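Reading the structure
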Amino acid sequence: MGGKKVIAVHIAIFWGLLGFLWFLLVCAAAIPNEMLREHMEESALSYKEKEAFSFERGKKWNGISDNYADTILLNVSWNMGGENPLISSLDTWYYSGETLGENAGLYLSVTEDMEPDTDYTRYWHGSAVFVRLFHLVMDVKGIKTMGFLAAMSLAALTAAMLFARKYYDIGVGFLLSMGAVQIWNIGLSLEYEPAFVICFLLCPLYLWMERRGDVYITCLSLAGGVLVAFFDFLTTETAVLLVPLILVIAVRAKERRLGDGKESVRLLFWCGVCWGLAYMGTFLVKWTAASLVTGENKFLLALSSAGERVNGTLPGEQADGFARIPMAVAANLTMMFGGEARVEPVRVAAGMAVSFLVLGSVFYLFHKKKGNGTAVRLMIPLGSVVLLRYMVLSNHSYLHEFFTYRALISPVLAVFLSLALSMDFLHSGEGKEAGKGKDR
C-alpha cells in the first residue's frame, strides 16, 4: 500500500468513525426524555444521600466513587434531550443545583426540568449514548454493572487469546497488571469504565490484526484515539494505546519478529502520532462544531480548562507548580499501594522496595543468560509514558489520583512482561510462530 493511500485510509477512518459516533449521539439525543424519566428519577434518587466523592472500600482512596462526575454525566445526558438533537449533542450543558450541589441539580433537572446553567462543551460526553439508551429499561446501577461486565468480558477474551497461543506468561502478566491497579473498582463509577472497555476491546483486535501488517496497527491506534476522546473524560486515556502495544511487542518477541528493534521503534512512533492526532483532532472537531452551532467561541473555555489541568491548585492551596510534579507521581503510586491519604511517602517507599525485592529475587533465580533485550528496551519506555502524563498534567493527576492511578496498568504490564521474557521457567511456545505472519 503506497504512502498516499495509507494516509487516505487513516483520514477516512478518522472521519468515518467520528461521524458514526456522532450519529449515534444524535440518535440517543433524539429519544424523548419522557421515555427515560422513570429510570432517570430512580438514578437521581440513588445519589440523594451520596457524597460527591464517597469511600466504598473502607478508608482506601482507590475505592472512592466519583459520584460528582456521574451525576454531571447523567445531567448532561438528560439535557441532551432537547428539541434539536443535532445541536443538543454538541452544545452540552447541565444544571448545577446552585447552592444545593450537583446531586440536587440532577434530581431537579429530571423532576422539574430546571434550565441548565453550566456549559460543559469541552468533552464529547459520548457515554450519553448508552446512558440515554439504557435508561429506557434500567437505572444507573444496572448501567454500571453492564459496563463492568463488558470490560471484564473483553479482558477475559484477551487473556483467552494469549492462553490459546500458549503464551501463558504474557496472559498471566496481563491479568496480574489488572490486579495491581484493582481493576474491579472501575465498577464504582460510570466514568471509570469507558477507557477500560475501549482498551480491552482493542487488545484482542491488536493481537488479531498485528500479523497482517503494521498498517493495521496504526489504523487501530488512530481508532483508539478517536474512541477514547469521544467516550472518556481524561481518566486513563493512555491505557487505550499503551496496553495493546505492549502486548503486541511481547507476542512479537515470543515469535522472534522484533529484529533489531528499529522497525518496531518506527512503528511505535507512528502509532503514537496517529493516536495523538486522532485524540486531539476529535476534541478540535467538537469545539469547532459547537462554536459553529452556538455562535460562541467554545475554544476559550476548553483551553482555559486545559491550563488548569496542567498547573492549577486545589482550593485554598498555594503550591509551587514544579513541586506538584513529583507529588502527582507519588499520589498515584500511593493509590496503587492502597493509600488512605492523598500522598503517603512511607507507603510508596515500602511498596516500591518490596516490589523490587520480590521481582528482583525472581529474576535473579530464574533469569536466562540471553533474554530479549530488544523487547525490554521497547516496553519500558512505553510504560514510562504514563509517568510523563502525570508530570505534564500534574494538577489533574494529583487532584484526581484516585482514578488516574489505574493508568499504571501500562508500566506494571511492561515490567511484568519484561521479566517474563527474561526468564526460563515462564517461557512456553517461544519461537513456535517464528517466521509466520511476517510484517508486510
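Residues numbered from 1 in each chain as written. Predicted model: local features only at pLDDT ≥ 70, side-chain atom pairs only at ≥ 80, totals over all residues. Heavy atoms only, no water.

What about the overall build of the protein?
Regarding its fold elements, the protein presents 19 helices and 4 strands. Its C-alpha radius of gyration of 22 Å places the protein within 12% of the 22 Å reference for a compact globule of 440 residues. Once the C-alpha set of the protein is aligned to its principal axes, its extents read approximately 70 × 55 × 40 Å. Across the 440 residues in the protein, those meeting the buried criterion constitute 54%. Taking the intrachain contacts of the protein between residues at least 6 apart in sequence as the baseline, contacts between residues at least 24 apart amount to 79%. (Helix = DSSP H or I, 4+ residues; strand = E, 2+ residues; numbered from the N terminus. Rg over C-alpha atoms; globule rule 2.2 N^0.38 Å. Buried < 20%, exposed > 50% of the residue type's maximum accessible area, 1.4 Å probe, protein only. Contact = heavy atoms within 4.5 Å.)

A closer look at helix α11 (residues 239-254)
With 16 residues, α11 ought to run about 22 Å at 1.5 Å a step, and its terminal C-alpha atoms sit 22 Å apart, in line with that. The element α11 is largely enclosed, with a buried count of 16 among its 16 residues. One or two positions beyond α11, positive phi appears at Arg256, with a value near 55°. (Expected span 1.5 Å × (residues − 1).)

Focus: the pattern of salt bridges
For the structure on display, the rule yields 15 salt bridges. Its salt-bridge partner being Asp119, residue Lys298 comes within 2.6 Å of it at the nearest N-O pair. Of this pair, Lys298 sits in helix α13 (residues 298-311) while Asp119 sits in strand β4 (residues 118-119), and the two are 179 residues apart along the sequence. Note on accessibility: Lys298 and Asp119 belong to one class, buried. For Glu237, the salt bridge identified is with Arg389, shortest N-O distance 2.7 Å. On the criterion of sequence distance, the pair formed by Glu237 in the loop between α10 (214-231) and α11 and Arg389 in helix α16 (residues 373-392) is long-range, its members being 152 residues apart. According to the relative accessible area criterion, Glu237 is buried, its value standing at 4%. Classification of Arg389 as buried rests on a relative accessible area of 10%. (Salt bridge = Lys/Arg side-chain N within 4 Å of Asp/Glu carboxyl O.)

Quick look at the packing of α11 against helix α19 (residues 409-420)
Across the interface, α11 lies against α19 with an axial gap of 9 Å and an inter-helix angle of 10°. Taken together, α11 and α19 sit at an angle that is classed as roughly parallel. Every residue of α19 that contacts α11 at Ala239, Leu242, Val243, Ile246, Leu247 and Ala250 is listed here: Ile409, Ser410, Leu413, Ala414 and Leu417. Classifying every residue of the contact of α11 with α19 by side-chain character gives 10 nonpolar, 1 polar and no charged. (Axes fitted to C-alpha atoms, helices over the stretch in contact; angles between N-to-C directions. Parallel < 35°, antiparallel > 145°, perpendicular 65-115°, else oblique. Nonpolar A, V, L, I, M, F, W, Y, C, P; charged D, E, K, R; others polar.)

Things to note about the side chain of Thr218
Structurally, Thr218 is set in helix α10. Contact partners of Thr218, with chain neighbours within four places excluded, come to His10, Leu267, Trp270, Cys271 and Cys274.

Observations concerning the nonpolar core
Across soluble globular proteins, you tend to see nonpolar side chains buried next to one another. Membership of the largest hydrophobic core comes to 102 residues, with the highest contact counts inside it found for Phe174, Phe200, Val243, Leu247 and Met379. With 13 residues, α11 is the largest single contributor of residues to this core. The next biggest cluster of nonpolar side chains, apart from the first, holds 14 residues, and it includes Ile31, Leu106, Val140 and Ile143. (Core = buried A, V, L, I, M, F, W, Y, C linked by side-chain atoms within 4.5 Å.)

Considerations on the packing of helix α7 (residues 140-164) against helix α9 (residues 194-209)
Here α7 crosses α9 at 20°, and the two axes come no closer than 8 Å. In this view, α7 runs roughly parallel relative to α9, as classed from their interaxial angle. Handedness of the α7/α9 crossing: left-handed. Within the contact between the two elements, α7 uses Gly147, Ala151, Met152, Leu154, Ala155, Leu157, Thr158, Met161 and Leu162 and α9 uses Val197, Phe200, Leu201, Cys203, Pro204, Leu207 and Trp208. Residue composition of the contact of α7 with α9, grouped by class: 14 nonpolar, 2 polar and no charged. (Left-handed = near helix turned anticlockwise from the far one by under 90°.)

Quick notes on the environment of Leu201
Assignment of secondary structure puts Leu201 in helix α9. Leu201 sits 47 residues away from Leu154 along the chain, and the two C-alpha atoms are 5.7 Å apart.

Digging into the packing of aromatic side chains
Overall, the coordinates contain 24 aromatic pairs when judged by the stated rule. With centroids separated by 5.1 Å and ring planes inclined at 75°, the aromatic side chains of Phe230 and Phe231 adopt a geometry described as edge-to-face. According to the relative accessible area criterion, Phe230 is buried, its value standing at 1%. A relative accessible area of 12% places Phe231 in the buried class. The ring of Tyr398 carries Arg342 above its face, with NZ or CZ at 5.2 Å from the centroid. We note Arg406 situated over the ring of Tyr192; from NZ or CZ to the ring centre the distance is 4.7 Å. (Phe/Tyr/Trp six-rings, centres within 6.5 Å; stacked < 30°, edge-to-face > 60°. Lys NZ or Arg CZ within 6 Å of the ring centre and 35° of its normal.)

As for a nonpolar patch on the surface
Taken together, Leu86, Ile87, Leu292 and Val293 make up a surface patch of nonpolar side chains, about 360 Å² in accessible area. Elements that contribute at least two residues to the nonpolar patch include exactly α4 (85-88) and α12 (262-294). (Patch = residues over 30% accessible without salt bridge, like charges linked within 9 Å, V, L, I, M, F, W, Y side chains within 5 Å. Areas by Shrake-Rupley, 256 points an atom, 1.4 Å probe, with all protein chains shown as cover.)

With respect to the confidence of the model for the protein
Atomic detail in the predicted coordinates should be set aside for any region of low pLDDT. Mean pLDDT over the protein works out to 91, with 92% of the residues at or above the 70 mark. Here residues 434-440 is modelled with pLDDT under 50, and outside its nearest four sequence neighbours on either side it reaches 17 contacts, counting other chains as well. (pLDDT = per-residue confidence, 0-100.)

Focus: the environment of Ala328
Here Ala328 shows up in helix α14 (residues 321-336). Relative accessible area serves as the criterion here: at 0%, Ala328 is assigned to the buried category. Here the alpha-carbon distance between Ala328 and Leu357, two residues 29 residues apart in the chain, equals 24 Å. In contact with Ala328, other than residues within four places in its own chain, are Tyr390, Ser394, Ser397 and Tyr398.

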